Amino acid sequence: MKHAASMIVDKDFIISTIDNRLYGSFIEHLGRAVYGGIYEPGHPQADENGFRQDVTKLIQQLKVPIIRYPGGNFVSGYDWKDGVGPKHLRPRRLELAWRTIEPNQFGMNEFVDWSRQAGTDVMWAINLGTQGVEDARQVVEYANHPAGSYWSDLRTSHGYRQPHAIKTWCLGNEMDGPWQIGQKTAVEYGRIAYESAKVMKLVDPTIELVACGSSSREMPTYPEWEATVLDHTYDQVEFLSLHSYYGNPENDTATFLGRSLHMEDFIKSVTATCDYIKAKKRSKKTMMLSFDEWNVWFHSNDADKKLEPWQIAPPQLEDMYTMEDALVVGCLLIALLKHSDRVRMACLAQLVNVIAPIMTENGGQAWAQTIFYPYMHASVHGRGKALVPLVQSPKYDAKGITDVPYLESIAVFNEEANEVTVFAVNRDLANPLPLEVDLRSFGQCRVIEHIVLENQDLKAVNDAANPNRVVPHNGGNAAADGAKVSATLSKASWNVIRLGLN
């Protein structure tokens, strides 16, 4: 048969024990991510803190382990002190990154309260654009020091006796970008990141730090930026960041579906750069990666150009995601899992309204976009050990990408649940793809369920009028025979095959 694919997985061939933070997300003070997204006092479903419970319930379904906050480009002009203390004393500021008004009614303490309700940890980004070393020291002291110092006692006076105990911190955001407030050269950034890291760890030695890599692989300084920054910061940081967004402005679906191969190349080249600096420094430490901005983003570009500046929480970056976008997000999740030995954290950017899996109406409903489903399936069922996928698949060539396999797949072994989950995308836009998975080392298995996300219209979206146009079903035909599983993957589909082990 011309179109057929196979995969062998062995429980002894392990890529990694997956860090749950691989399924993180991101909330920036941008558009309606905060105001009208997670926080909308007066909404019928808001609690006494103004936190929208309909939104929180959707986020809880995703089991998001960590959320990066408060930016993004926003953070490079942000003074975190504007967002703490009595709300009536907080200043309104011109927010220059996105040219809006920031009312500062939601800040660190509100976000920590909200994150606990949502069941997620905080990844706090510090401002290394307009701020620097002293501010980095102060914010860690305010957040994490128990008591008995100026900033920790100020936190107590704001009603938070217990430290927030924020474990993960980003040293700025996209500092190589000309769009960034306080853009720096690699040497300038490397120096300030090193000095900031030093004082932050003097305040709290238990924290982990993420240094900024290039804001995209298209930057003219990439990957020299990574090498220079790590030359300065290698001994002080645990992670280097990667950012990448994918779009389909030319409406070339076959090429769009192959973009995850670009993500894999990006990860490999950054890994190689990190290992070069490790060798140069004769270090025993291996640098891990934080892919802390990734998603599909292109639908809203034209609408954003037409927005009037200096509004509070205008509808910015509100991509309405299609079925084909969900397939790409599924492929990108599989790419992250295939490199989870080095990519220990990642953040789908962003979480609500702004290029997000969840959309809301101000005063109205909240719903799941198409990309919500592969993200949820990976986060819920992709915990455990990522296994090396030995895949045989027919391939195709697309614009600028050759040898794109029709099958994109990986398996995850959850020892605790005694389950193997196969995630699989059929990139073929015209034909179903027969698949055989050989689980020879696992012995007998049974199919728990075969979830499928598909739609005849690849441009179909979920919106307020029809929030359930694109939803998964349990009608997949996977069947087990001993240690072999066979299934037919529908054309252009995302598949989750859950297997119980006897």
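About the thresholds
Residues numbered from 1 in each chain as written. Predicted model: local features only at pLDDT ≥ 70, side-chain atom pairs only at ≥ 80, totals over all residues. Heavy atoms only, no water. Core = buried A, V, L, I, M, F, W, Y, C linked by side-chain atoms within 4.5 Å. Buried < 20%, exposed > 50% of the residue type's maximum accessible area, 1.4 Å probe, protein only. Contact = heavy atoms within 4.5 Å. Salt bridge = Lys/Arg side-chain N within 4 Å of Asp/Glu carboxyl O. Helix = DSSP H or I, 4+ residues; strand = E, 2+ residues; numbered from the N terminus. Polar contact = N/O pair within 3.5 Å; in protein donor to acceptor, adjacent residues only side chain to side chain. Expected span 1.5 Å × (residues − 1). Pairing = 2+ DSSP bridges. Axes fitted to C-alpha atoms, helices over the stretch in contact; angles between N-to-C directions. Phe/Tyr/Trp six-rings, centres within 6.5 Å; stacked < 30°, edge-to-face > 60°.

Trainee: How should I be thinking about the nonpolar core in this particular structure?
Mentor: If you look at soluble globular proteins, the nonpolar side chains tend to sit buried side by side. Ranked by internal contacts, the top residues of the largest apolar core, which has 151 residues, are Trp 114, Trp 124, Trp 169, Tyr 189 and Phe 291. The contact partners of Trp 169, leaving out residues within four places of it in the chain, are Trp 124, Ile 126, Val 139, Val 140, Ala 143, Asn 144, Met 200, Ile 207, Glu 208, Leu 209 and Val 210. In terms of nonpolar packing, the next biggest core, distinct from the first, is built from eleven residues, Met 123, Cys 170, Phe 239 and Cys 347 among them.

Trainee: Whenever I open this one, the pattern of salt bridges confuses me. Can you help?
Mentor: Opposite charge on two side chains makes pairing possible when the charged atoms of those side chains draw close. All chains considered together, the criterion is met by 29 salt bridges. Here Arg 342 ties to Asp 275 by a salt bridge, and the two come within 2.9 Å at their closest N and O atoms. Here the residue Arg 342 occupies a position in the loop between helix H10 (323-338) and strand E12 (343-349), and Asp 275 occupies one in helix H8 (residues 259-280), the gap between them amounting to 67 residues. With a relative accessible area of 29%, Asp 275 lands in the partly exposed category. As a salt-bridge pair, Arg 440 and Asp 438 come within 2.9 Å of each other at their nearest N and O atoms. By relative accessible area, which is 11% here, Asp 438 ends up buried. Overlapping salt bridges, with partners in common, bring together Glu 264, Lys 338, Glu 408 and Arg 427 in one network.

Trainee: What is the right way to look at the side chain of Asp 428 in this model?
Mentor: Its location among the elements puts Asp 428 in the loop between strand E20 (419-426) and strand E21 (433-438). Overall, the relative accessible area of 4% leaves Asp 428 in the buried class. Of the polar contacts made by the side chain of Asp 428, one reaches the backbone nitrogen of Asn 431; its length is 3.0 Å. Excluding anything up to four places from it in sequence, Asp 428 contacts His 3, Tyr 406, Lys 491 and Ala 492.

Trainee: Even after reading the chapter, I still don't get the environment of Tyr 69, so can you show me in this structure?
Mentor: Looking at the element boundaries, Tyr 69 is found in strand E4 (residues 66-69). Considering only alpha carbons, one finds Tyr 69 and Asp 463, 394 residues apart in sequence, at a separation of 26 Å. Contact partners of Tyr 69, with chain neighbours within four places excluded, come to Ile 27, His 29, Phe 106, Gly 107, Phe 111, Met 123, Trp 124 and Ala 125. At 2.6 Å, the side chain of Tyr 69 and the side chain of His 29 are in polar contact.

Trainee: Can you walk me through H10 in this structure?
Mentor: Between its first and last C-alpha atoms H10 spans 23 Å; for 16 residues at 1.5 Å apiece the expected length is 22 Å, and the two agree. Counted residue by residue, H10 has 15 buried out of 16 residues, so it is predominantly covered. Between the side-chain oxygen at the start of H10 and the backbone nitrogen of Glu 324 there is a gap of 3.4 Å, and the oxygen is on Thr 322.

Trainee: Can you help me understand the sheet that holds strand E1 (residues 5-8) in this one?
Mentor: In any sheet, the strands associate via hydrogen bonds between backbone groups, in a parallel or an antiparallel arrangement. Reading across from one edge, E16-E1-E21-E24-E23 is the order of the five strands in this open sheet, with mixed pairing throughout. Edge strands, defined here as strands with exactly one partner in the open sheet, are strand E16 (390-392) and strand E23 (479-481). Averaged over all pairs of adjacent strands, the angle between strand axes in this sheet comes to 20 degrees, irrespective of strand direction.

Trainee: Mind showing me how you'd approach the sheet that holds strand E19 (residues 407-414) here?
Mentor: Reading across the sheet, the six strands line up as E2-E15-E19-E20-E25-E22 and stay open at both edges, with antiparallel pairing between neighbours. The outermost strands of the open sheet, each flanked by one partner alone, are strand E2 (14-17) and strand E22 (445-453). Taking each pair of neighbouring strands and ignoring which way they run, the sheet shows an average axis angle of 20 degrees. Contacts from H10 reach E2, strand E15 (385-387), E19, E20, E22 and strand E25 (493-501) within the one sheet, and its direction differs from that of E19 by about 55 degrees. Across the sheet, helix H11 (residues 372-381) lies against E19, E20, E22 and E25, angled at about 20 degrees from E25, the strand it touches most.

Trainee: Is there a simple way to explain the packing of aromatic side chains in this structure?
Mentor: To describe a pair of aromatic rings, one takes the distance between the centres and the angle between the planes. Under the definition given, this model contains 22 aromatic pairs. Pairing Phe 51 with Phe 106 gives two aromatic rings, centres 6.3 Å apart and planes at 70 degrees, and the pair type is edge-to-face. Within this pair, whereas Phe 51 is found in the loop between strand E3 (24-26) and helix H1 (53-62), its partner Phe 106 is found in the loop between strand E6 (100-102) and helix H2 (108-118), the two being separated by 55 residues in sequence. The burial state of Phe 51 is the same as that of Phe 106; both residues are buried. Arranged with centres 4.9 Å apart and planes meeting at 90 degrees, the rings of Tyr 150 and Trp 151 form a pair that is edge-to-face. Relative accessible area serves as the criterion here: at 12%, Trp 151 is assigned to the buried category. Cluster of aromatic residues (ring-pair linked, three or more members): Tyr 35, Tyr 39, Phe 51, Tyr 69, Phe 106, Phe 111, Trp 114 and Trp 124.

Purely geometric stuff here, so don't read any function into it on its own.
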